[in-house]
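# Chain and residue survey
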Amino acid sequence: MTTLPSQRAVTVAPKKKGGPSTSGILLTALTYLLAFLFFFPLLWMALAAFKTEAQAFAVPPVFTFTPITENFQNALPAYGVALRNSLIAAIGSTVLAFILGLPAAFALAVYPTKRSKGVLTWMLSTKFMPAVGVIVPLYLLFRDLGLLDTWWGLIIMYTTMNLPLVVWMMHSYMTEIPPAIYEAAKVDGANVAKEFFGIALPLSLPGISATALLAIIFAWNEVFFALNLTSTDAAPLSVFISTFKTSRGLFWAQMSAAAVLTVLPVLIFGWVAQRQLVRGLSFGAVK
Amino acid sequence: MTAVPISATAPKPKGGFKITPSVMIWPAMLYLILTTQVPFFMTIYYSFFRYNLVEPDRRPFIGFSNYVGLLTDSDNLKVLLNSMILTAGTLILTLILGGGLALLLNRSFPGRGFVRSVLMSSFLIMPLVTAVVFKNMLLNPVFGFFSWLVKSLGGTPIDFLSAYPMATIIGMVTWEWTPFAMLILLTGLQSLPDDQIEAARLDGASPLQEFRYVVLPHWTQALEVVVLLETINVLQVFGEIYASTSGGPGVATTNLPYFIYQKAFAEYNIGVASAAGVITVVLTNILAIFLLRMISKNVSPGGH
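Sequence positions are assigned chain by chain, starting from 1 and proceeding in written order. Chains carry letters from A onward and ligands carry numbers from 1 onward, assigned in written order. Local features in this predicted model are restricted to residues whose pLDDT is 70 or higher, and side-chain atom pairs enter the listing and the counts only when it is 80 or higher, whereas totals over whole chains, interfaces and linings include all residues. Hydrogens and water are ignored here; the side-chain numbers use all heavy atoms of the structure.

Our working rule: UniProt positions are given in the numbering used here, feature names are shortened, and annotations may be inferred rather than shown by experiment.
The name given to chain B in an unreviewed UniProt entry is Sugar ABC transporter permease, with Deinococcus detaillensis as the source organism. Looking at the Subcellular location (unreviewed entry) heading of the UniProt record, one finds this comment for chain B: "Cell membrane".

Chain A carries the name Carbohydrate ABC transporter permease in an unreviewed UniProt entry, which gives Deinococcus detaillensis as its organism. As its UniProt record puts it under Sequence similarities (unreviewed entry), chain A is described as follows: "Belongs to the binding-protein-dependent transport system permease family."

This is the structure we're talking about:
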């Protein structure tokens, strides 16, 4: 069910033994070419991070140069503050979403009633609520409560964003635990709390880590709430990056360095969590 | 904000506090009600007032005037149309590109896992980084890489963002969302049993027939998931527009989220922003229900 897709090739066209066909080689070359084209903007950005500012916006573009690390050093002070805020908002909201979502996922998976499906669908439907449909009252409320430009403000909204994901993903993992295990525990006198902490949680640890990675990625990359609910003190990386939106070629190298530092953790997380990414992205509908 | 009617029906702990399954569901539900349903009802409430934060004390009830104003002004209708064009355009392009890439990746060749990682990267990038890098380093009419490319191929350099603003935004959003379509469609392909293809081959099906009658029907579920989730997400695109065109030139690339952002946070026009927010939610839900109905015919939600 969670087989790494790359391990399950559908062998299209039974090929003659003794090496791949010409068309096969061409298709592979085409795939590599397309991958390169798709990756090029990121590659170009990463290269610029190691150029001098003059090289970064030279025309014609500079392809060979001696890499420097100054841009990273220059970007670091402002980056550090934004990084801290992003980490707090992403990790804090993920933890909160798990505290709220794990019990719900467990109850819906292990003790389903006829209303469970409705509850699950309703939770998913909160994802159909665009942020713009709630931002105005939330902004006014946060202003009155003093939550604007605070970590809590972001954590609250990111938890809302990630809670349906956590419930759906964890529901999907917890339904895969064989009922016999719970039954055996019940015979031994386990109550609901014991089943939850003693069986469901330990057995769904792989699911928890995959879901956590996804939730962190989503919170890390979020833009709308970050821009509207924070300004300086709690501004995460997305707000920091937006300060480069009007750069006119003076700070491309430094901007690229900041951007590389911003996207690298998520890229690594995403590559690591590839196996479970599809399941999470599709809310478990495609596995 | 304080009234949460649902909490009144929360199950009472019987005989001291005991964890029951339904008690475990309530915290999550209450949280979502408090942070999505309650604010949405307040958005509806605000939408009936002429309410500007510049004059917070003058807040006359004006009924549906905000809605009428929104739906009769041609600029605003353009915003609605922009949202649709952006969503539809991105959806079509990502389905074609993502589907093609999924078919290419559904073969065994050396380095396939690596190529897939490379191809999915653009989906993981923060939208603001995408916009800032494309705008400055790739699309800049003088210093940008693409402009240089166009020039060295013998064309005249183009200021993409002002000459073809919507097409450029669609291009950027497509770059971001193609991996999503690719990953889901690839997974869909890989669950296709080998023997079905073999059977089709034995029956002498041409590659095209094989695609049309074996692959495509099997792909339906994955395709529907892509259509539903991408539609909902692309309707909400904000960061790319904020950091590249700021909705311009004019209102050429203003979609609903950006419009609401402008109304609420630049003009402090809470009434109009709220009405536009309600319209966006209604539109999203109509599309979602329509798409879900399409999907629910052959997908049961949940993890089985």
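### A look at the packing of helix α5 (residues 135–145) of chain A against helix α1 (residues 21–46) of chain B
Put simply, the rule reads: Every angle, taken between N-to-C directions, lies between 0 and 180 degrees, and every axis is a line fitted to C-alpha atoms, over only the stretch in contact when it is a helix. Runs of H or I in DSSP of at least four residues are treated as helices and runs of E of at least two as strands, each being numbered from the N terminus. The labels follow the angle: roughly parallel below 35 degrees, roughly antiparallel above 145, roughly perpendicular from 65 to 115, and oblique for the rest. Note on contacts: a residue pair is in contact if any heavy atoms of the two residues lie within 4.5 Å.
Two elements in contact, α5(A) and α1(B), have axes separated by 7 Å at closest approach and are oriented at 100°. Viewed along their axes, α5(A) and α1(B) adopt a mutual orientation that is roughly perpendicular. Judged by residue contacts, V136(A), P137(A), L138(A) and L140(A) of α5(A) engage T35(B), P39(B), M42(B), T43(B) and Y46(B) from α1(B).

### Details of the pattern of salt bridges
This is how it is decided: Salt bridge criterion: a side-chain nitrogen from Lys or Arg within 4 Å of a carboxyl oxygen from Asp or Glu. The rule is simple: take the accessible area with a 1.4 Å probe, protein chains only, and divide by the maximum for that residue type; under 20% is buried, over 50% is exposed, in between is partly exposed.
Overall, the coordinates contain six salt bridges over all chains when judged by the stated rule. Ionic pairing is found between D144(A) and R143(A), a salt bridge with its closest N-O pair at 3.4 Å. By relative accessible area, R143(A) is classed as partly exposed at 41%. Salt-bridge contacts for E55(B) lead to R58(B); the nearest nitrogen and oxygen are separated by 3.1 Å.

### Some points on the UniProt feature "transmembrane region" (unreviewed entry) in chain A
Under the feature "transmembrane region" (unreviewed entry), the UniProt entry names residues 25–47, 87–111, 118–139, 151–170, 196–220 and 251–273 of chain A. Annotated as residues 251–273 of chain A, this span is 91% helix and 0% strand, and its ends, taken at the C-alpha atoms, are 33 Å apart.

### Remarks on the UniProt feature "domain: ABC transmembrane type-1" (unreviewed entry) in chain B
As annotated in UniProt, the feature "domain: ABC transmembrane type-1" (unreviewed entry) corresponds to residues 80–291 of chain B in the numbering used here. With 78% helix and 0% strand, residues 80–291 of chain B has end C-alpha atoms that lie 19 Å from one another.

### Brief notes about the interface of chain B and chain A
Keep this limit in mind: A 1.4 Å probe defines the accessible area here, and the buried area is the portion of it lost by two parts on being joined, summed over both. Under the rule applied, a polar contact is a pair of N or O atoms within 3.5 Å (in protein, one hydrogen donor and one hydrogen acceptor; residues adjacent in sequence only if both atoms are side-chain atoms).
Taken residue by residue, the interface counts 101 residues in chain B and 111 residues in chain A. A combined buried area of about 9,700 Å² lies between chain B and chain A, and 76% of that area is made up of carbon and sulfur atoms. Between the two partners, chain B and chain A, sit zero salt bridges. Inspection of the region where chain B meets chain A yields 17 residue pairs in polar contact (both at pLDDT 80 or more). With 17 residues, the top contributor of residues to the side of chain B that touches chain A is α1(B).

### Things to note about the UniProt feature "transmembrane region" (unreviewed entry) in chain B
Residue and element names in this part refer to chain B. Here, the residues flagged by UniProt with the feature "transmembrane region" (unreviewed entry) are residues 28–48, 79–105, 117–143, 163–186 and 270–295. Split by type, residues 28–48 is 90% helix and 0% strand. Its first and last C-alpha atoms lie 31 Å apart. Taken as a whole, residues 163–186 contains 96% helix and 0% strand, while its terminal C-alpha atoms sit 35 Å from one another.

### Side note on the domain arrangement of chain B
To keep things clear, this is the line we draw: Domain borders in the structure are assigned automatically or taken from a domain database.
Its domain assignment divides chain B into domain 1 (39–72) and domain 2 (77–189 + 218–264). One C-alpha centre belongs to domain 1 of chain B, the other to domain 2 of chain B; they are set 34 Å apart.

### Thoughts on the packing of aromatic side chains
Convention followed: To pair, rings of Phe, Tyr and Trp, with the six-membered ring standing in for Trp, must have centres within 6.5 Å; the planes then decide the type, stacked if under 30 degrees apart, edge-to-face if over 60, and tilted in the middle. In this scheme, Lys NZ or Arg CZ marks a charge over a ring once it lies within 6 Å of the ring centre and within 35 degrees of the ring normal.
Applying the stated criterion across every chain yields a total of 43 aromatic pairs over all chains. Between Y45(B) and F49(B) the ring centres are 4.9 Å apart and the planes differ by 55°, which places this aromatic pair in the tilted class. Classification of Y45(B) as partly exposed rests on a relative accessible area of 46%. A network of ring pairs unites the aromatic residues Y139(A), F224(A), F225(A), F238(B), Y242(B), Y258(B), Y261(B) and F265(B) as a single cluster. Over the ring of Y213(B) we find R212(B); its NZ or CZ atom is 4.9 Å from the centre of that ring.

### Some words on the environment of M45(A)
Tracing the sequence through the fold places M45(A) in helix α1 (residues 22–48). In this structure the C-alpha to C-alpha distance between M45(A) and V260(A), which are 215 residues apart in sequence, comes to 7.4 Å. Those residues within four positions of M45(A) in sequence are excluded, and the remaining contacts are S256(A), A259(A), V260(A), V263(A), V129(B), V133(B) and M137(B).

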